[in-house]
Amino acid sequence: MTELQATINMIRNIRIASDIKVGRNFIDFFSDRILQASHKTSLLCFAECLMKLVAADPSKIQSENFQNFLKACQSDKAYAILLFIREYYKTVLMLTQIKEQDILEQALSAIEIKPSDFEVGKAKQRGQFQIPIKAVCLSPLSHGSDLKAGNAMLYRRHDILSDTGHKISLPYYAGNALRGQIRDCLADYFLTSLDVKISRNNPDIAFWFFYMLYSGGALGEDNKAKELMSFVSGSAGQVKIQKSNELRELLPHLSALGFAIGNRIFSGRFDCHDLEPQCKEYGNSEVESADLISWEYLTRREDLESHEENHSMIAVTEVLISGTVLTGGIDFHYSASELEKSAIAKGLSLLQESKSIGGSRRRGFGRIDFEFQNLHDKTLYENFLADNKEKIKEFLVSVGAFDKTLNEVKEEKKENAKKKAIIVSNPEVLEGF
């Protein structure tokens, strides 16, 4: 019996020994649990985890199959079998449903599992960054993958070709996600500096400008932004250099981040690289990446006591454990101005103050201690907003970024000034409030 056949038989035995009751198709459920367990560090740990996930009764596991599986775990193909299960978990599930051993042997004969006594290798080093970033996890960090396993969310990974020529799948925190959180921090700070209410459901700014601030905008021929910002891009799509320069000069943080408007894309002025956990595979630690990964179980409890049935939900998410150190960085383009660099420095300082990234932050995940090197002077951007506050607001009103016209804003300011003057000269008007 081959090592792979012994493993398939063991997985089938675990499925048969499962005592768990699920509301959906059990085969789909079991497939998800195979994928979830396959991210363990060894073949034996995989089987142990799978048994726990499906509540398998150990007494129902055939001793002969268990002994054959233990031999497979001690063979030089053990790790290669684990990688096969991880990548082809649906195929593994179908193989477990073949009961006849001779038919199973024929099916497995087409699968080649090479000995895993090779050196996996390390990822090639990325070099230095203009602004190095170090992030230390003060709590588990969740960063969901596009791949789901039922109610289990896997941590995001990407494939890397190591220096020994082997493909390895390693966890990371996407630079694009980090860039998006810098954008959110700067958007809040920008609106606060202009005395504009911050709201996610009823903002005081036009929706197209809200999306431009918080999401980078959207492309579309019929986009309202195209009509309102026609002063930048003509009907034939020509860019009016003077007006586009004015846009970048008055909104330096958007210029640095980049944005889309109408049918035009204004590229950003810096690159935000992925954050990679320090581990053996990335070549900056002796700890293996699998040892940095753990599972966190979440319960969405039932608060309505009148329900006869329990509606609580259990979810599980894969996380980087507390204490994990991630490193990455930022590089500016040659075209980035000092003001744009200052704006990004302000965004990074705001992110540092927030001390949080990733998903499930409301549950306490993603508490981060950031360290930055070579940051530019953030006060340059702070002073720019303070000194040009009225000019920026008039510009935004003129292009329709606010729902009010420029005259309406001016009249509102005059009315507020009158009310303030009345209160200052007649403080008794406040009596009774």
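Preceding this paragraph is the structure being described.
Residues numbered from 1 in each chain as written. Predicted model: local features only at pLDDT ≥ 70, side-chain atom pairs only at ≥ 80, totals over all residues. Heavy atoms only, no water.

Some thoughts on the pairing of strand β6 (residues 167-171)
As judged from the 5 bridges shared by strand β5 (residues 157-161) and β6, these two strands associate in the antiparallel manner. Residue pairing for β6: D159 is matched across the bridge by S169. Here β5 folds back onto β6 in antiparallel fashion, the turn holding 5 residues, of which G165 has a positive phi close to 90°. (Pairing = 2+ DSSP bridges. Helix = DSSP H or I, 4+ residues; strand = E, 2+ residues; numbered from the N terminus.)

A word on the packing of helix α1 (residues 3-17) against helix α6 (residues 89-96)
It is the contact of α1 with α6, at a shortest axis distance of 9 Å, that shows an interaxial angle of 75°. When the interaxial angle is binned, α1 and α6 end up roughly perpendicular. Residues I8, I11, R12 and R15 of α1 touch α6, and the partners they reach there are V92, L95 and T96. When its residues are assigned to classes, the contact of α1 with α6 shows 4 nonpolar, 1 polar and 2 charged. (Axes fitted to C-alpha atoms, helices over the stretch in contact; angles between N-to-C directions. Parallel < 35°, antiparallel > 145°, perpendicular 65-115°, else oblique. Contact = heavy atoms within 4.5 Å. Nonpolar A, V, L, I, M, F, W, Y, C, P; charged D, E, K, R; others polar.)

Notes on the pattern of salt bridges
One pass over the full model with this rule turns up 11 salt bridges. The shortest N-O distance in the salt bridge between K355 and D369 comes to 3.5 Å. Of this pair, K355 sits in the loop between α13 (338-354) and β14 (368-372) while D369 sits in strand β14, placing them 14 residues apart in sequence. Accessibility expressed as a relative area gives 28% for D369, which makes it partly exposed. A cluster of three or more residues bridged by salt bridges with shared partners is formed by E87, D159 and K167. (Salt bridge = Lys/Arg side-chain N within 4 Å of Asp/Glu carboxyl O. Buried < 20%, exposed > 50% of the residue type's maximum accessible area, 1.4 Å probe, protein only.)

Here's the deal with the nonpolar core
Formed by 72 residues in total, the largest nonpolar core has its most connected members in F190, F209, I330 and L396. Per-element accounting of this core gives the leading share, 8 residues, to helix α8 (residues 175-193). I330 has contacts with F129, Q130, I131, I133, I182, F270, D271, C272, H273, I344 and L348, leaving out every residue within four places of it along the chain. Formed by 41 residues, the second largest nonpolar core is a distinct cluster that contains A47, I61, I85 and L104. (Core = buried A, V, L, I, M, F, W, Y, C linked by side-chain atoms within 4.5 Å.)

A word on the pairing of strand β1 (residues 131-137)
For β1, a buried count of 6 out of 7 residues is recorded, marking the element as mostly surrounded by other parts of the structure. Bridging between β1 and strand β13 (residues 325-332) involves 6 bridges; their strand directions are antiparallel. Along β13, the bridge assignment pairs I131 with I330. Sheet analysis places β1 next to β14, joined by 5 bridges and oriented antiparallel. Its bridge partner being in β14, A135 is matched across the sheet by F370.

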